[in-house]
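# Observations on the three-dimensional arrangement
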Amino acid sequence: MNLDRVNAIIDVYGADPACSLAILQEIQQENNYLPKDALELVSQRLSLPRGHVYALATFYRTFSLKPMGKHRIKICLGTACHVHGGPTILETFERALGIKAGESTADGNFSLEACSCLGACAQAPFVQVDNDPHNQVTPVRVTEVVKQYAAPDGNGKGA
Ligand code: FES
């Protein structure tokens, strides 16, 4: 990531340590992850210990220290989803995308994550792609979801 851009984001917040989360969120949004050099710069400019910045970056699920795909697929493996076939849904996504949970596709289009409860237990097995909910997902629906988000418009709203 261009560190000039990181500096510009930090400048918007006046290099205020109280805004560290907002700054990290903007960096994550623009870059799809938090590069190490960006975290170092945030630490320096906000006069925060490096360990504190890394603690924030690793505590919140929204952040990633690894490059993420354009679309983040989160498979819930909480209790309700586990009971209703969540592991099968995860395996089906893994086969469809050719990656394991925690990885991204080579084309940078998808990341796959196994998650604890996403708060939609009545819709188990539940999957979230970016901010879109996918309720009571079946293995057949997995293929449809992958096609939907691989569409040329890339917004996941269908071709
Ligand atoms: S257990 Fe999956 S949404 Fe709660």
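Quick note: structure is the one above.
Let me begin by describing the structure that accompanies this report. Quantities reported herein were computed from a predicted structural model and do not represent experimental measurements.

A tally of helices and strands in the protein yields 7 helices and 4 strands. Ordered by position in the sequence, the α and β elements of the protein form the string α-α-α-α-β-α-α-β-β-β-α. Dimensions along the principal axes, computed over C-alpha positions, put the protein at roughly 50 × 35 × 20 Å. Buried positions account for 42% of the 159 residues belonging to the protein. Long-range pairs, those at least 24 residues apart, make up 58% of the contacts in the protein with a sequence separation of at least 6.

Further remarks concern the side chain of His71. Among the secondary structure elements, His71 is positioned in strand E1 (residues 71-76). Since its relative accessible area comes to 3%, His71 is described here as buried.

What follows covers helix H3 (residues 36-45). For H3, the set of buried residues is Ala38, Leu39, Leu41, Val42 and Ser43. Residues of H3 that are buried make contact with helix H1 (3-12), helix H2 (20-31) and helix H4 (50-59).

On to the sheet that holds strand E4 (residues 132-134). Strand order in the open sheet made by the 4 strands is E2-E1-E3-E4, with mixed pairing throughout. Lying at the two open borders of the sheet, with one neighbouring strand each, are strand E2 (110-115) and E4. Across the sheet, the axes of successive neighbouring strands diverge by a mean angle of 20 degrees, strand direction being ignored. Sitting on the sheet, helix H6 (residues 86-97) touches E1, E2 and strand E3 (127-129), and the angle it makes with E1 is about 150 degrees.

How each quantity is defined
- Residues numbered from 1 in each chain as written.
- Predicted model: local features only at pLDDT ≥ 70, side-chain atom pairs only at ≥ 80, totals over all residues.
- Heavy atoms only, no water.
- Helix = DSSP H or I, 4+ residues; strand = E, 2+ residues; numbered from the N terminus.
- Buried < 20%, exposed > 50% of the residue type's maximum accessible area, 1.4 Å probe, protein only.
- Contact = heavy atoms within 4.5 Å.
- Pairing = 2+ DSSP bridges.
- Axes fitted to C-alpha atoms, helices over the stretch in contact; angles between N-to-C directions.

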